[in-house]
There are 2 protein chains.
Amino acid sequence: MPRAATPPLVLPALAPEEREPLQRQLYRHLRAAILDGRVGVGSRLPGSRSLAAHLGVSRNTVIAALDQLVAEGYVESRRGSGTTVAVPPVSLSAAAPVATADGAGQRAISRQTRRLVSSEVPVSRGLLLAFAPGMPALDAFPSRDWSRILARRWRHPAPGLLGGHDAAGYPPLRSAIAEYLGRARGVRCSADQVVVVAGSQQGLDLTARVLLDPGDQAMVEDPGYTGLRGVLRACGAVPVPVPVDDTGFDPGLAENLWPTARLACVTPSHQFPSGATMPADRRLALIAWAARKDGWIVEDDYDSDFRYAGRPLAALQGLDGGHRTIYCGTFSKSMFPALRLGWLVVPPDLLPAFLTMRRLADVAPSTVTQAAMADFMDEGLFTAHLRRMRALYAERRQALLASAARHLPGLAEVTAGEAGTHAIAWLPAGWEDLAVAVAAQSQGLVPGALGLYRLQPGRPGLILGYGNMPAETIDPAIRALRQVLAHWSR
Amino acid sequence: MPRAATPPLVLPALAPEEREPLQRQLYRHLRAAILDGRVGVGSRLPGSRSLAAHLGVSRNTVIAALDQLVAEGYVESRRGSGTTVAVPPVSLSAAAPVATADGAGQRAISRQTRRLVSSEVPVSRGLLLAFAPGMPALDAFPSRDWSRILARRWRHPAPGLLGGHDAAGYPPLRSAIAEYLGRARGVRCSADQVVVVAGSQQGLDLTARVLLDPGDQAMVEDPGYTGLRGVLRACGAVPVPVPVDDTGFDPGLAENLWPTARLACVTPSHQFPSGATMPADRRLALIAWAARKDGWIVEDDYDSDFRYAGRPLAALQGLDGGHRTIYCGTFSKSMFPALRLGWLVVPPDLLPAFLTMRRLADVAPSTVTQAAMADFMDEGLFTAHLRRMRALYAERRQALLASAARHLPGLAEVTAGEAGTHAIAWLPAGWEDLAVAVAAQSQGLVPGALGLYRLQPGRPGLILGYGNMPAETIDPAIRALRQVLAHWSR
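Residues numbered from 1 in each chain as written. Chains lettered and ligands numbered in written order. Predicted model: local features only at pLDDT ≥ 70, side-chain atom pairs only at ≥ 80, totals over all residues. Heavy atoms only, no water.

Caption draft 1: Summary view of the overall build of chain A. Across its full length, chain A holds 17 helices and 13 strands. At 30 Å, chain A has a C-alpha radius of gyration far larger than the 23 Å of a compact globule built from 490 residues. Summarising its shape, the C-alpha atoms of chain A cover approximately 90 × 55 × 50 Å along the three principal directions. The 490 residues of chain A split such that 59% are buried. Considering only residue pairs separated by 6 or more positions, chain A has 71% of its internal contacts joining residues 24 or more positions apart. (Helix = DSSP H or I, 4+ residues; strand = E, 2+ residues; numbered from the N terminus. Rg over C-alpha atoms; globule rule 2.2 N^0.38 Å. Buried < 20%, exposed > 50% of the residue type's maximum accessible area, 1.4 Å probe, protein only. Contact = heavy atoms within 4.5 Å.)

Caption draft 2: Quick peek at helix 14 (residues 367-378) of chain B. Residue and element names in this part refer to chain B. Its twelve residues give helix 14 an end-to-end C-alpha distance of 16 Å, which sits within 8% of 16 Å, the value for a rise of 1.5 Å per residue. The buried count for helix 14 comes to eleven of twelve residues, which makes it a mostly enclosed element. At the N-terminal boundary of helix 14, the capping side chain belongs to Ser366, with an oxygen 3.1 Å from the backbone nitrogen of Val368. A positive phi of about 80° marks Gly380, the residue just after helix 14. (Expected span 1.5 Å × (residues − 1). Polar contact = N/O pair within 3.5 Å; in protein donor to acceptor, adjacent residues only side chain to side chain.)

Caption draft 3: Representation of the sheet that holds strand 13 (residues 461-465) of chain B within the structure. Residues and elements named next belong to chain B. With respect to topology, four strands assemble into an open sheet ordered 10-11-13-12, the strand pairing being antiparallel. Edge positions in the sheet fall to strand 10 (413-415) and strand 12 (448-449), since each of these pairs with one other strand and no more. Across three bridges, the pairing between strand 10 and strand 11 (residues 422-426) is antiparallel. By the bridge assignment, Val414 is partnered in strand 11 with Ala425. (Pairing = 2+ DSSP bridges.)

Caption draft 4: Highlighting the packing of aromatic side chains. According to the stated counting rule, one finds 26 aromatic pairs over all chains in the structure shown. A centroid spacing of 5.4 Å and a plane angle of 80° characterise the contact between Phe272 of chain A and Tyr302 of chain A, whose relative ring orientation is edge-to-face. Of this pair, Phe272 of chain A sits in the loop between strand 6 (263-266) and helix 11 (280-293) while Tyr302 of chain A is found in the loop between strand 7 (296-300) and helix 12 (316-320), placing the two residues 30 residues apart along the sequence. The class of Phe272 of chain A is buried, set by a relative accessible area of 13%. Between the aromatic rings of Phe331 of chain B and Phe382 of chain B, the centroid separation amounts to 5.5 Å while the plane-to-plane angle is 85°, which identifies the pairing as edge-to-face. (Phe/Tyr/Trp six-rings, centres within 6.5 Å; stacked < 30°, edge-to-face > 60°.)

Caption draft 5: Examining the environment of Pro46 of chain A more closely. Residues and elements named next belong to chain A. Mapped onto the elements, Pro46 comes out in the loop between helix 1 (22-35) and helix 2 (48-55). With 37 residues separating them along the chain, Pro46 and Leu9 place their C-alpha atoms 8.0 Å apart. The contact partners of Pro46, leaving out residues within four places of it in the chain, are Leu9 and Leu51.

Caption draft 6: The relation of the copies chain A and chain B, seen in detail. Of the transformation superimposing chain A on chain B, the axial component is 0.0 Å and the angular component is 180°, with the fit at an RMSD of 0.1 Å. Those values place the two copies in the arrangement expected of a two-fold rotation axis. Scanning chain A for the C-alpha nearest the rotation axis identifies Ala151 of chain A, at a separation of 2.6 Å. A symmetric contact is evident, with 99% of the interface residues of chain A recurring at the interface of chain B. (Least-squares fit on C-alpha atoms with pLDDT ≥ 70 in both.)

Caption draft 7: Focus on the interface of chain A and chain B. Listed per partner, the contact involves 115 residues of chain A and 114 residues of chain B. Taken over both partners, the interface formed by chain A and chain B buries close to 9900 Å², and the fraction arising from carbon and sulfur atoms is 59%. Our count for the chain A to chain B interface comes out at four salt bridges. Salt-bridge contacts for Arg111 of chain B lead to Asp213 of chain A; the nearest nitrogen and oxygen are separated by 3.5 Å. Looking at the side of chain A that touches chain B residue by residue, the classes come out as 63 nonpolar, 26 polar and 26 charged. (Buried area = accessible area lost by both parts, 1.4 Å probe. Salt bridge = Lys/Arg side-chain N within 4 Å of Asp/Glu carboxyl O. Nonpolar A, V, L, I, M, F, W, Y, C, P; charged D, E, K, R; others polar.)

Caption draft 8: Seen up close, the side chain of Thr207 of chain A. Residues and elements named next belong to chain A. Of note, Thr207 is situated in helix 8 (residues 200-211). A distance of 2.7 Å separates a polar side-chain atom of Thr207 from the backbone oxygen of Gly203. Among all residues touching Thr207, those that are not within four sequence positions of it are Val298, Ile326, Leu344 and Phe354.

Caption draft 9: Fine view of the packing of helix 15 (residues 381-407) of chain A against helix 17 (residues 471-489) of chain A. Residue and element names in this part refer to chain A. For the pair helix 15 and helix 17, interaxial distance at closest approach is 9 Å and the crossing angle is 30°. Relative to helix 17, the element helix 15 is oriented roughly parallel. Note that helix 15 runs across helix 17; the crossing there is right-handed. In this structure, helix 15 uses Glu395, Arg396, Ala399, Leu400, Ser403, Ala404, Arg406 and His407 to contact helix 17, whose residues at the interface are Ala471, Ile474, Asp475, Ile478, Arg479 and Arg482. (Axes fitted to C-alpha atoms, helices over the stretch in contact; angles between N-to-C directions. Parallel < 35°, antiparallel > 145°, perpendicular 65-115°, else oblique. Left-handed = near helix turned anticlockwise from the far one by under 90°.)

Caption draft 10: Summary view of helix 5 (residues 143-155) of chain A. Along its 13 residues, helix 5 of chain A runs 18 Å from first to last C-alpha, staying within 8% of the 18 Å computed at 1.5 Å per residue. In this fold, the buried residues of helix 5 of chain A make contact with helix 6 (159-163), helix 14 (367-378) and helix 15 of chain A together with helix 5 (143-155) and helix 14 of chain B.

Caption draft 11: Structural context of the sheet that holds strand 5 (residues 238-243) of chain B. Residue and element names in this part refer to chain B. With mixed pairing, the seven strands of this open sheet are ordered in space as 3-9-8-7-6-4-5. Each edge of the sheet is formed by a strand with only one pairing partner; in this case those strands are strand 3 (194-197) and strand 5. Neighbour-to-neighbour, the strand axes of this sheet turn through a mean angle of 20°, independent of strand direction. Alignment of strand 8 (residues 325-330) against strand 9 (residues 342-345), held across four bridges, turns out to be antiparallel. Across the sheet, Cys328 pairs through a bridge with Leu344, a residue of strand 9.

Caption draft 12: Representation of the state of the cysteines. Inspection of the entire model under this criterion finds zero disulfides over all chains. Cys189 of chain A forms no disulfide, and the closest cysteine sulfur to it belongs to Cys328 of chain A, at a distance of 13 Å. (Disulfide = S-S within 2.5 Å.)

Caption draft 13: Spatial organisation of the environment of Ala471 of chain A. All names here are of chain A. Topologically, Ala471 is positioned in helix 17. Put simply, Ala471 and Thr369 are 102 residues apart on the chain and 30 Å apart in space, counted from C-alpha to C-alpha. The residues contacting Ala471, other than those within four sequence positions of it, are Glu395, Arg396 and Ala399.

Shown next, in the form of structure tokens:
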């Protein structure tokens, strides 16, 4: 037979002025009293009538709170014996961690993740600041068209658009991407080979997870994209550096350095970040290497939509016939980064593996963005936007090179490649580019530091993104950069 | 000195009627001639004038094609010596795989991925068919409101909405989610602890990658969600089964079975798929277990928005204070599955690790869906939609139970729990539920088979999703199911 609750239960007063309903407040107070041991297992709670009178609330309020406690199993209600506590108190103090700012290594997380956190490079958040790398012209995005397309598409959506789960992506978008890549980039693929992803970062992550086992080596360009090295490490693989030169990744050097590696990750169109273009002989040598080794090439074609001399270079994938190349691209530069849409082009026999991994990673891309993007392409808006942006970026690039030629001689040598939306300001040997980049922030400049992208020491430099800089802002920004560099050179 | 091209180069005729520009066609033909060895390294190509005459095209067309070959490094152009081939032929046949339908294991992909592909369970695609599990009422989604909000939000987007890269998610959405979870689910968290993800699948994937090393054990409910087991295996961990009973996951049994495991993945509100609710004593025991083991609880609260008896049970996370619980949820059921938005609630000291992994996985969620979702919540449309859906699903659930009571006695025992959008039709012992589910497909019924969700043998059953079934379609579907079962029982 249950004991009566002694000493009598003391509950905090309820607060009718709070947004939280009274029954919810009472439920919380009673639950707390049970869990901290103020009422022990088997104790009988006061009756609903007396609780209501004591607290000055309606009996219905009390009954609702007690019902909730019964439903969750904290108390039991038996006819004739009232409501009794069903669970023992619990000490939560053992479970409470000491919260620390950098505490991520202190509790049991995986060793791989711990290494990733400690090796993460600082990320520049300079959205509207000068020289932010990788940022397209946000002010030139045709948002009225985009808004109209979103609205039209979602006013009367087909059930498939709401419920669909196509891991490879929305079929009309896959077709539009395949058509665009064939026409503009010389990629050889059918729409079936296109896997829509949430930007090239997810493309690289899926590729690493599909192709690599823990301990496998993966050759990466040095300097190169840090997000790639991160996903390689995240799946336990080992990124091994291949220094790039004026024509990018050198397959012969790579094979000498890392004879057992079977994966090469490259940016042949416009090496990131140096801007070099890989010529045909190296492309062919890389394809031959992959065939010899039964290996793979990951081609990250991250910004080749914009080219200012000649027509765009055909993708390596097209040269290979897509047999040993996983081709990766993104709409982040051609549309806007926060869209989070991109693609992989995958050899047909690898599709089952990629789709399995894609389903596990996040099931499928959202149809909200995919359907709008497909319409944007089908209506010709994408091609028109690219054409306008190419002219705009050519102008900004020209302004940057002209201003740098005026203001930076003796301080930095600026090269811009023939594509993309960034230039490199090569600094004098021995300078610490990361320290220079940090110093530049005080002037509202957020260039990237080449050193952050290197695995091995090399020539210092700053990455100057010009995509999001109106032409008239470029000369003042370059002059501000001169001040920073001049100060540094003293 | 370069040799002249002998024998003379024979090129296919150009096709002016094709969409591909003539210069691009010529570029392709010349490149093919170089790569297949018809013109060797050092050979001189015919002059642009004679090529133009020979092919019947303008000289500008030829020059453009040659310029492209120069730019890509296939040929070199020197004043006085004409245009010569710069690369040797390449045999691509070695690189060509034999494409096979089930070829995913034949080339060098990772061992982990190969296992995943071979163990993948068949996925039902029955979007509009009867009993599809996990599908909400697509016909009742307020798409006009959704369309209006998308349009308004994207007509004049702030630059931050286009360029923003917040790995944890769009801040107003994180606030709206934290507020909703506190009010409706008893989750204790600040907006800072909310990480917006692309649905609960990505939430589980990130959690597994952050917490687990290869070889680590992770306790999972049996039967339980296959997508969870998949992500555990994908990161090299070992899912170990804990049989559930009428009140779900049993922490005492779990600790006896797997004394060294330090991660427990549970669905306390509404066990998937059985529908059981975990009572308070087990919740407290699980929290105490996690504290003792320095372990973690992953709480997947996948469908607790809809509850038909009493008010929603508070989340386990709130009871734990969020110290050792990673709480995971999704808008797939409350909005629509193809939206691909959900959340994690993460203990503060684990945030750096989760955000590092999130950035590597896909940088950040799209602002297109996030901003619209935030507006949808802030305007009260989400709460209103949930209220309408709760009434709708209660009606559908009642129709299902009533129809099953009429038509299925002796064939199946139907239980629906008090929450969610699916019921279980428990089949007679010894029946193969997967075979029954396949047989049902011939009647347009796509129930889930409980056996697909089990790691160890157990009572057979069918998962009957009723969320997307208008009430008037339920009785005919149950009668069709009776036919299938009656046929099976003969």
